[in-house]
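# Topology and contacts: notes
Residue-level listing of the chains:
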Amino acid sequence: MLPFWRIKKLWWRTALMVGLLIGFGVRPSGYMGPVHDGSVLALLGYNYSLNFAFYVPLILFIGTTVLITDYWITALHSGLAHLIIERRSKTWLLGQMLLTTFLYTFLMLTTALVGTVVAIRVIYPTLPLASRLGMMFFLFDDPTIGLIVYILTHAAGYALMADFVLMIGLWIKRPFLFRASGLVISFALYLGLGFVSSIPLTRQFFGHLYLPNLIDLQQQVGYGRYGMSTAPLTSFFFTVLLYAGLIIAGGWAWLKFGGEGHG
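Just so we're clear, the structure is a prediction, and the values are computed from it rather than from any experiment.

What counts and what doesn't
Residues numbered from 1 in each chain as written. Predicted model: local features only at pLDDT ≥ 70, side-chain atom pairs only at ≥ 80, totals over all residues. Heavy atoms only, no water. Helix = DSSP H or I, 4+ residues; strand = E, 2+ residues; numbered from the N terminus. Buried < 20%, exposed > 50% of the residue type's maximum accessible area, 1.4 Å probe, protein only. Contact = heavy atoms within 4.5 Å. Areas by Shrake-Rupley, 256 points an atom, 1.4 Å probe, with all protein chains shown as cover. Salt bridge = Lys/Arg side-chain N within 4 Å of Asp/Glu carboxyl O. Core = buried A, V, L, I, M, F, W, Y, C linked by side-chain atoms within 4.5 Å. 1 Å grid on protein atoms, 1.4 Å probe; cavity = no way out; pocket = protein on both sides within 12 Å on 5 of 7 lines; lining within 4 Å. Points joined across faces, edges and corners; volume = space filled by probe spheres on them. Nonpolar A, V, L, I, M, F, W, Y, C, P; charged D, E, K, R; others polar. Patch = residues over 30% accessible without salt bridge, like charges linked within 9 Å, V, L, I, M, F, W, Y side chains within 5 Å.

Okay, the overall build of the chain next. Of the regular secondary structure elements, the chain holds 11 helices and 0 strands. From first element to last, N terminus to C terminus, the chain shows the α and β order α-α-α-α-α-α-α-α-α-α-α. By the burial criterion, 52% of the 263 residues in the chain qualify as buried. Partitioning the intrachain contacts of the chain with sequence separation of at least 6 by distance along the chain shows that 75% fall at a separation of at least 24. For the chain, the accessible area works out to roughly 12200 Å², and carbon and sulfur atoms hold 71% of it.

Here it is as structure tokens:
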């Protein structure tokens, strides 16, 4: 794994990102707020949902290209990448970038989600952990198990998405274009594939690529014809495999045809 913790500026970006996620994650929103059958899980699920409050997903979409992946793409345009390739190999460098990006994003989002839960408990001490409305955001009736699965699947889904964006970024020739591509890629996977996956002939393939199946599986039922008909965890499993396969295929193509960095 590449020593990302040595990148001092990344610490500031990470702290800002986590702070924004927690800040928006504790905002009472609409009928799911603490005065309407509210609970800790209801507020967490509402604010992190693509289907309701869009602020947190929007921040995370932007984060796919302005956090750790930004440093890797920038390195590919500098002499640093060439030095590493000469000492190791292109395959080693790509593998380390993907592994480090996944672990960093997973840890960052896990920290943000746990921090949000703690902040909600502190700010709204009278809120129960779960409520009838709150459990609609989770896959298990047991609130503790539901919360753990929610955190792990969200963190893993966004981490894999960051790897997918990084794989696409390998082909982008200008770092400043890559930094702006996170939103474009995310909305293409969300809105664009939402339309394509509504077509019967393309549903089974593109439906699994549809972004909520990766990062918001608890609410697939809320997407109607755009969601998959299989159980949420089953769809998540197949979606993870499909995205992982595309990342591996894209990485192989870059190793074969992309050259030794952009230089």
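In this structure the tally under the stated criterion is 2 salt bridges. For Arg 13, the salt bridge identified is with Asp 70, shortest N-O distance 2.9 Å. Placement of the pair is Arg 13 in helix H1 (residues 8–25) and Asp 70 in helix H4 (residues 68–76), with a sequence separation of 57 residues. Taking the relative accessible area as the measure of exposure, Arg 13 reaches 30% and is therefore partly exposed. Look at Asp 70 and you get buried, because its relative accessible area is 4%. Asp 70 is the partner of Arg 179 in a salt bridge, and the nearest nitrogen-oxygen pair spans 2.8 Å. Of this pair, Arg 179 sits in helix H8 (residues 175–196) while Asp 70 sits in helix H4, and the two are 109 residues apart along the sequence. Take Arg 179: its relative accessible area is 35%, and that puts it in the partly exposed class.

A few words on the nonpolar core. With 69 residues, the main nonpolar core has Leu 21, Leu 44, Tyr 48, Trp 72, Met 97 and Leu 109 as its most contacted residues. Per-element accounting of this core gives the leading share, 12 residues, to helix H6 (residues 90–123). The residues touching Leu 21, leaving out its near neighbours within four places in the chain, are Tyr 48, Val 56, Ile 59, Leu 60, Met 108, Leu 109, Ala 112 and Thr 116.

On to empty space enclosed by the protein. Applying the stated criterion to the full structure yields 1 cavity of 30 Å³ or more. Of the voids in this model, the largest cavity is the one considered here, and its volume is about 100 Å³. Every residue lining the largest cavity is counted, 13 residues in all, and those nearest its centre are Gly 63, Thr 64, Leu 67, Thr 105 and Ala 162. Elements with a minimum of two residues in the lining of the largest cavity: helix H3 (55–66), H4, H6 and helix H7 (143–169). The element best represented in the lining of the largest cavity is H3, accounting for 4 residues. For the lining of the largest cavity, the per-class residue count stands at 9 nonpolar, 4 polar and no charged.

Moving on to the layout of surface pockets. As a volume, the largest pocket reaches approximately 390 Å³. Looking at the lining of the largest pocket, the elements that each hand over two or more residues are H4, helix H5 (79–87) and H6. The residue inventory of the lining of the largest pocket, partitioned by class, reads 13 nonpolar, 2 polar and 3 charged. Space inside the second largest pocket adds up to approximately 190 Å³.

To continue, consider H4. Counting buried positions along H4 yields 8 of 9 residues, so the element is predominantly enclosed. Restricting attention to buried positions, one finds in H4 the residues Ile 68, Thr 69, Asp 70, Tyr 71, Trp 72, Ile 73, Ala 75 and Leu 76.

Residues Val 114, Val 118, Val 122 and Ile 123 make up a contiguous nonpolar surface patch of about 350 Å² in total accessible area. Considering the arrangement of structural elements, one finds Val 114 in helix H6. For Val 114, a relative accessible area of 42% corresponds to the partly exposed category.

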